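Each chain, letter by letter, is given below.
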Amino acid sequence: MFDEKLYREFLATENFGRNILVFDETDSTTARLLDSETPYYTVASAESQTAGRGRSGRRWVSESGVNLYFSVNLPPMKIEDLLAFNIAIGFAVCDVLREYADVNLKWPNDIMAGGKKLGGILFETAISGSVMDKVILGIGINVNMTEFPPEINEIAASLKTETGRTFSREEILARLMNGFESFSDLFFKGRINIVEEWKKYSASLDKKIALHKNGVKTVFTEKGITPSGFLIAEDERGVKTEIVTGDIGYDFSG
Ligand code: BTN
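Residues numbered from 1 in each chain as written. Predicted model: local features only at pLDDT ≥ 70, side-chain atom pairs only at ≥ 80, totals over all residues. Heavy atoms only, no water.

Chemist: Is there a simple way to explain the site of the ligand in this structure?
Modeler: Looking at the ligand, there are 20 residues lining it, with Ser28, Gln49, Arg53, Arg55 and Lys117 nearest. One of the side-chain N or O atoms of Ser28 is found 2.7 Å from an oxygen atom in the ligand. Take Thr30: an N or O atom from its side chain is 3.4 Å from a nitrogen atom of the ligand. Contact with the protein chains removes 99% of the 420 Å² of surface that the ligand exposes when unbound. Contributions of two or more residues to the shell around the ligand are made by helix H2 (29-35), strand E3 (68-74), strand E6 (116-128) and strand E7 (131-141). Top element by residues in the shell around the ligand is E6. It accounts for 4 residues. Looking at the shell around the ligand residue by residue, the class counts come to 6 nonpolar, 10 polar and 4 charged. (Near = heavy atom within 4 Å. Polar contact = N/O pair within 3.5 Å; in protein donor to acceptor, adjacent residues only side chain to side chain. Areas by Shrake-Rupley, 256 points an atom, 1.4 Å probe, with all protein chains shown as cover. Helix = DSSP H or I, 4+ residues; strand = E, 2+ residues; numbered from the N terminus. Nonpolar A, V, L, I, M, F, W, Y, C, P; charged D, E, K, R; others polar.)

Chemist: Help me understand the side chain of Asp110, please; the structure alone is not making it clear to me.
Modeler: Turning to its location among the elements, Asp110 is positioned in strand E5 (residues 110-113). A polar side-chain atom of Asp110 sits 2.8 Å from a polar atom in the side chain of Lys117. Not counting residues up to four positions away in its chain, the partners in contact with Asp110 are Arg55, Asn104, Leu105, Lys117 and Gly119. (Contact = heavy atoms within 4.5 Å.)

These figures capture arrangement, not role.
Below is the structure:
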């Protein structure tokens, strides 16, 4: 069971995660926050999710009691800041997890370790007209999981599979809240240069990546990101393209 007292011992924020909702089981922590009125910076965390949501409509495997599945209700922000903020949150996640393992990012928001996926970040918004009503940051991190369903066994990792150690989920969640508060403050003061910072966090900078779109695979070299957070991909002739769409997937391509 999630130990809230232990979580609070590591929490050093003014706002992020001070209000916490812990579910033994829920459909999706993001759905819970989208459906309810909670103060900004409330974190909803679940021991397990029955309908965990991943990117592109995929299911997020949410085995009980071993990992972190949580969402944070954030104040509305400009739509054009969302991707860059998403990337800055990835930096905060990496900084915290790098205390435990060698993690990096696969654009736009996969958390990787040893070339495998250890976690993911997914923002969901509720928009009425041109006004953003809600911004929910959802994160899943494989912490102590050691056995994965066959369909992701080859591509998934956890902190435990990477290090052989067992970790306190409460400590990690609190440290993430601490990191999010500082990164978010810096981000909205314009003090995070995501283009420069990306170089410290990317899993594939200057490496070959295979982009998949509509069933077609093309090999590029990753050349960083733009100030808005788009991926810069260079083809074999040296022509650079900005990858904007969230539907595009890529593999490491040797
Ligand atoms: C991805 O596909 O990489 C993003 C996965 C995000 C999963 C998290 S788990 C907590 C929150 N609740 C959800 O239903 N999804 C996010």
